[in-house]
Amino acid sequence: DTAVSQTPKYLVTQMGNDKSIKCEQNLGHDTMYWYKQDSKKFLKIMFSYNNKELIINETVPNRFSPKSPDKAHLNLHINSLELGDSAVYFCASSQGRWEKLFFGSGTQLSVL
Amino acid sequence: AQSVTQLDSQVPVFEEAPVELRCNYSSSVSVYLFWYVQYPNQGLQLLLKYLSGSTLVKGINGFEAEFNKSQTSFHLRKPSVHISDTAEYFCAVSSNSGGSNYKLTFGKGTLLTVNP
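Conventions and cut-offs
Residues numbered from 1 in each chain as written. Chains lettered and ligands numbered in written order. Predicted model: local features only at pLDDT ≥ 70, side-chain atom pairs only at ≥ 80, totals over all residues. Heavy atoms only, no water. Helix = DSSP H or I, 4+ residues; strand = E, 2+ residues; numbered from the N terminus. Rg over C-alpha atoms; globule rule 2.2 N^0.38 Å. Buried < 20%, exposed > 50% of the residue type's maximum accessible area, 1.4 Å probe, protein only. Areas by Shrake-Rupley, 256 points an atom, 1.4 Å probe, with all protein chains shown as cover. Lys, Arg positive; Asp, Glu negative; His and termini not counted. Charge placed at Lys NZ, Arg CZ, Asp CG, Glu CD. Contact = heavy atoms within 4.5 Å. Pairing = 2+ DSSP bridges. Core = buried A, V, L, I, M, F, W, Y, C linked by side-chain atoms within 4.5 Å.

Visitor: Would you mind showing me how to read the overall build of chain B here?
Guide: Counting its secondary structure elements, chain B contains zero helices and 12 strands. In terms of C-alpha radius of gyration, chain B reaches 14 Å, essentially the compact-globule figure of 13 Å for 116 residues. Overall, the C-alpha framework of chain B stretches about 45 × 30 × 20 Å when taken along its three principal axes. Split into buried and exposed, the 116 residues of chain B put 47% on the buried side. Carbon and sulfur atoms provide 50% of the accessible area of chain B, an area that totals close to 5,400 Å². In chain B, the 8 positive side-chain charges and the 8 negative ones have mean positions that sit 12 Å from each other.

Okay, structure coming up:
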């Protein structure tokens, strides 16, 4: 069983569209994250949820809206996609603030 | 604010040679330090972490790192690399107070390429 799974793996879409990426973890962790990795491999946190509560919200455009229906799921919805949104988006989870992060395999988003 | 600098964007080495990947951090409070590895087309995996105690930390796959507070460094080393160690390596820092409790700040990564 995959510990942190995200779907889809690839997402190709046109500018202006709305899309969602789903993430699920079966590790029983209480904290989940979304990270964005740009074309230069730079990895930056976007959001973090702890027990369904938003605890980190970096300077991310309002077009990005995370939703956590329960502590095992953290979805990312993106409105009005722009060319600059093209990146690899990683979901991750952890149990406790100092324990290791478990990453999903990423969703490569390409906006045309 | 905390930050991480990985001094080398690419490090090519030959198989069975030793390697050191450099990482320096800055933070106004005590820090926790991590090294993650990303193999091609995969998510990141934790190699090792320093939280407290011994400054020499051993991780998976024969890697180790040494925390040096006076030099604000956390360099990653392996005495003999394999082709399979070819990957992107990320240093990360997390402080233990304030609003950054749950946040890891990553460096820009070092691509380690092991050649036969």
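Visitor: What exactly am I supposed to notice about the overall build of chain A here?
Guide: Of the regular secondary structure elements, chain A holds zero helices and 11 strands. In sequence order, chain A lays out its α and β elements as β-β-β-β-β-β-β-β-β-β-β. Judged by the C-alpha coordinates and their principal axes, chain A covers about 40 × 25 × 25 Å. The buried share of chain A, taken over its 112 residues, is 44%. Intrachain contacts of chain A at a sequence separation of at least 6 include 53% that bridge at least 24 residues. Entry remark: accessible area of chain A is about 5,500 Å², with carbon and sulfur atoms responsible for 48%. Distance from the positive charge centre (13 side chains) to the negative charge centre (11 side chains) of chain A: 4 Å.

Visitor: Hey, could you run me through the pairing of strand E8 (residues 64-68) of chain B in this one?
Guide: On a regular strand, one side chain projects to one face of the sheet and the next to the other, so that they alternate. Residues and elements named next belong to chain B. Residues Ala-65 and Phe-67 line the buried face of E8, whereas the alternating positions Glu-64, Glu-66 and Asn-68 sit on a face that is not buried. Here strand E7 (residues 56-58) pairs with E8 via three bridges, running antiparallel. Residue pairing across strands places Leu-56 opposite Glu-66, the latter belonging to E8. A loop of five residues connects E7 with E8, the two strands running antiparallel in sequence, and Asn-61 in this loop sits at a positive phi of about 60°. One ladder, built from five bridges, connects E8 with strand E9 (residues 73-78); its direction is antiparallel.

Visitor: Looking at this model, I keep getting lost on the nonpolar core. Mind explaining?
Guide: Across soluble globular proteins, you tend to see nonpolar side chains buried next to one another. One finds B:Leu33, B:Trp35, B:Leu47, B:Leu48, B:Phe74, B:Leu76 and B:Tyr89 to be the most contacted residues of the largest nonpolar core, which totals 28 residues. Non-local contacts of B:Phe74, meaning those with residues more than four positions away in its chain, are made with B:Cys23, B:Leu33, B:Phe34, B:Trp35, B:Leu48, B:Tyr50, B:Ala65, B:Glu66 and B:Phe67. Within the second largest apolar cluster, 20 residues are counted, among which are A:Leu11, A:Met46, A:Phe64 and A:Cys91.

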